[in-house]
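Per-entry structural report
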Amino acid sequence: MDDSGMPRFRRIWSTIQVGVLAAAVLFCVVMLVIGQGELDRVYAVGAVFFGLALVGHATYLWLLARTRR
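Each value, and the rule that gives it
- Residues numbered from 1 in each chain as written.
- Predicted model: local features only at pLDDT ≥ 70, side-chain atom pairs only at ≥ 80, totals over all residues.
- Heavy atoms only, no water.
- Helix = DSSP H or I, 4+ residues; strand = E, 2+ residues; numbered from the N terminus.
- Contact = heavy atoms within 4.5 Å.
- Areas by Shrake-Rupley, 256 points an atom, 1.4 Å probe, with all protein chains shown as cover.
- Phe/Tyr/Trp six-rings, centres within 6.5 Å; stacked < 30°, edge-to-face > 60°.
- Buried < 20%, exposed > 50% of the residue type's maximum accessible area, 1.4 Å probe, protein only.
- Lys NZ or Arg CZ within 6 Å of the ring centre and 35° of its normal.
- Axes fitted to C-alpha atoms, helices over the stretch in contact; angles between N-to-C directions.
- Parallel < 35°, antiparallel > 145°, perpendicular 65-115°, else oblique.
- Left-handed = near helix turned anticlockwise from the far one by under 90°.
- Nonpolar A, V, L, I, M, F, W, Y, C, P; charged D, E, K, R; others polar.

Turning next to the overall build of the chain. If you tally the helices and strands in the chain, you get two helices and zero strands. In the chain, the share of contacts with a sequence separation of at least 24, taken over all contacts with a separation of at least 6, comes to 69%. When the accessible surface of the chain is summed, it comes to about 5300 Å², and 70% of that surface belongs to carbon and sulfur atoms.

Once that is clear, we can look at the packing of aromatic side chains. Throughout the structure, instances matching the rule amount to two aromatic pairs. Ring geometry for F27 versus Y43: centroids 5.9 Å apart, planes at 75°, classification edge-to-face. Placement of F27 in helix α1 (residues 10–34) and of Y43 in helix α2 (residues 40–68) is noted, with a sequence separation of 16 residues between them. An angle of 65° between the planes, with centres 5.6 Å apart, marks the rings of F49 and F50 as edge-to-face. On the basis of relative accessible area, F49 is assigned to the exposed category, the value being 56%. When the ring centre of Y60 is taken as origin, the NZ or CZ atom of R10, which lies over that ring, is 5.3 Å away.

The next thing to look at is the packing of α1 against α2. Where α1 contacts α2, the two axes come as close as 8 Å, and the packing angle between them is 150°. In terms of axis orientation, α1 runs roughly antiparallel to α2. For the pair α1 and α2, the crossing hand works out as left-handed. Its residues assigned to classes, the contact of α1 with α2 shows 19 nonpolar, six polar and four charged.

Without other data, these values stay purely geometric and don't point to any function.
Structure (C-alpha cells):
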C-alpha cells in the first residue's frame, strides 16, 4: 500500500494503540473475574468497547502488512 496519502506515523501510532487497548481489555477482564460488584457492568461494557477498538486497529495493521508484501 502506498503511504503517500497517509501521515508517516500512522502505523506506529496504531501499533501503540493496539498495545494500550490490549492492556485495557486485559484489565477489564481481570476486574470482571475478581468481581467488583456494582462495577461489573462498567467493566463488561469497557471490555466490549475496547475489544472492538482493538479488533479494528489490529485489522488495520494486518491489512497494511498484507498489502506491503
